[in-house]
Amino acid sequence: MSNPMTSQQRNLVRRSFTYIAPEHAAVARLFYDKLFEIAPDLRHMFKHDMDMQRAKVMQMLASLVSSLDDTAHFDHTSHELGKRHVGYGVSNPQYKLVGQALIWALQEACPTIMTPAVTEAWAAAYTKIAEAAIEGAANTHKEP
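Residues numbered from 1 in each chain as written. Predicted model: local features only at pLDDT ≥ 70, side-chain atom pairs only at ≥ 80, totals over all residues. Heavy atoms only, no water.

Draft legend 1. Highlighting the overall build of the protein. Scanning the protein from N- to C-terminus turns up 6 helices and 0 strands. The order of α-helices and β-strands along the protein, N terminus first, is α-α-α-α-α-α. A compact globule built from 144 residues would reach a C-alpha radius of gyration of about 15 Å, and the protein, at 15 Å, matches this within 12%. Evaluated residue by residue, the protein yields a buried proportion of 40% over its 144 residues. Intrachain contacts of the protein at a sequence separation of at least 6 include 76% that bridge at least 24 residues. For the protein, the exposed surface amounts to about 8200 Å²; the carbon and sulfur share of it is 56%. Averaging the locations of the 14 positively and 15 negatively charged side chains of the protein gives two centres separated by 1 Å. (Helix = DSSP H or I, 4+ residues; strand = E, 2+ residues; numbered from the N terminus. Rg over C-alpha atoms; globule rule 2.2 N^0.38 Å. Buried < 20%, exposed > 50% of the residue type's maximum accessible area, 1.4 Å probe, protein only. Contact = heavy atoms within 4.5 Å. Areas by Shrake-Rupley, 256 points an atom, 1.4 Å probe, with all protein chains shown as cover. Lys, Arg positive; Asp, Glu negative; His and termini not counted. Charge placed at Lys NZ, Arg CZ, Asp CG, Glu CD.)

Put into structure tokens, the structure is as follows:
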């Protein structure tokens, strides 16, 4: 596992999300546009209404941000996210592409909020999410 997020980074992510949340539609649109630009082979995974998908990704992000200090809830939510994504055909290396698209979208939609420190905090948060999701995905293949 990478270095854990600091409490200051968790606070930066939570505080910045209060400014990011009102821009959720722009963030989500930019996120998927960038994701499909850098990884066009992922487009086939999204067969449903993209407006609904954009809303879902922002709801999940809000849930994860709100649970950054609640390790049990955060881990459970992230593990379940990873388990679901196994069924969609997501591979571990694709999480890095998603992270790149997310950070880019946040910077584009909220440039005044995404200072270098906030950007670094979001990168740490995304790493934490991705690592827990990958762990959850790995556990879907194990017998109880």
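Draft legend 2. Main features of the packing of helix H5 (residues 92-109) against helix H6 (residues 116-139). With their axes 10 Å apart at the nearest point, H5 and H6 run at an angle of 150° to one another. Taken together, the axis directions place H5 and H6 in an arrangement best described as roughly antiparallel. Here H5 runs over H6; the crossing is right-handed. Contacts between H5 and H6 pair Asn 92, Tyr 95, Val 98, Gly 99, Leu 102, Ile 103, Leu 106 and Gln 107 from the former with Thr 119, Trp 122, Ala 123, Tyr 126, Ala 130, Ala 133 and Ile 134 from the latter. In terms of residue class, the contact of H5 with H6 is made up of 11 nonpolar, 4 polar and no charged. (Axes fitted to C-alpha atoms, helices over the stretch in contact; angles between N-to-C directions. Parallel < 35°, antiparallel > 145°, perpendicular 65-115°, else oblique. Left-handed = near helix turned anticlockwise from the far one by under 90°. Nonpolar A, V, L, I, M, F, W, Y, C, P; charged D, E, K, R; others polar.)

Draft legend 3. Here's a closer look at the pattern of salt bridges. One pass over the structure, following the stated rule, counts 6 salt bridges. Between Arg 14 and Asp 69 there is a salt bridge, and its shortest N-O distance comes to 2.8 Å. One end of the pair, Arg 14, is in helix H1 (residues 7-20); the other, Asp 69, is in the loop between helix H3 (50-66) and helix H4 (71-87), with 55 residues separating them in the sequence. Here Arg 14 falls in the partly exposed class, since its relative accessible area comes to 25%. In this structure, Asp 51 engages Arg 54 in a salt bridge whose closest nitrogen and oxygen atoms are separated by 2.5 Å. Linking Asp 51 with Arg 54, this pair stays in helix H3, spanning 3 residues, or about one helical turn. Judged by relative accessible area, Arg 54 falls into the buried class, the value being 13%. Salt bridges linked by common partners bring Arg 10, Arg 14 and Asp 69 together as one network. (Salt bridge = Lys/Arg side-chain N within 4 Å of Asp/Glu carboxyl O.)

Draft legend 4. Main features of the nonpolar core. Among the nonpolar cores identified, the biggest contains 42 residues, and Val 13, Ile 20 and Trp 122 are the most heavily contacted of them. Listing elements by their share of this core, those giving two or more residues are H1, helix H2 (24-38), H3, H4, H5 and H6. Tallying contributions element by element places H6 first for this core, with 10 residues. With residues up to four places along the chain from it excluded, the contact list for Val 13 reads Met 5, Val 65, Leu 68, Ala 121, Trp 122 and Ala 125. (Core = buried A, V, L, I, M, F, W, Y, C linked by side-chain atoms within 4.5 Å.)

Draft legend 5. Just H2, in detail. When the terminal C-alpha atoms of H2 are compared, their 21 Å separation across 15 residues agrees well with the 21 Å that a helix rising 1.5 Å per residue should span. Along H2, the residues that are buried comprise Val 27, Ala 28, Phe 31, Tyr 32, Lys 34, Leu 35 and Phe 36. (Expected span 1.5 Å × (residues − 1).)

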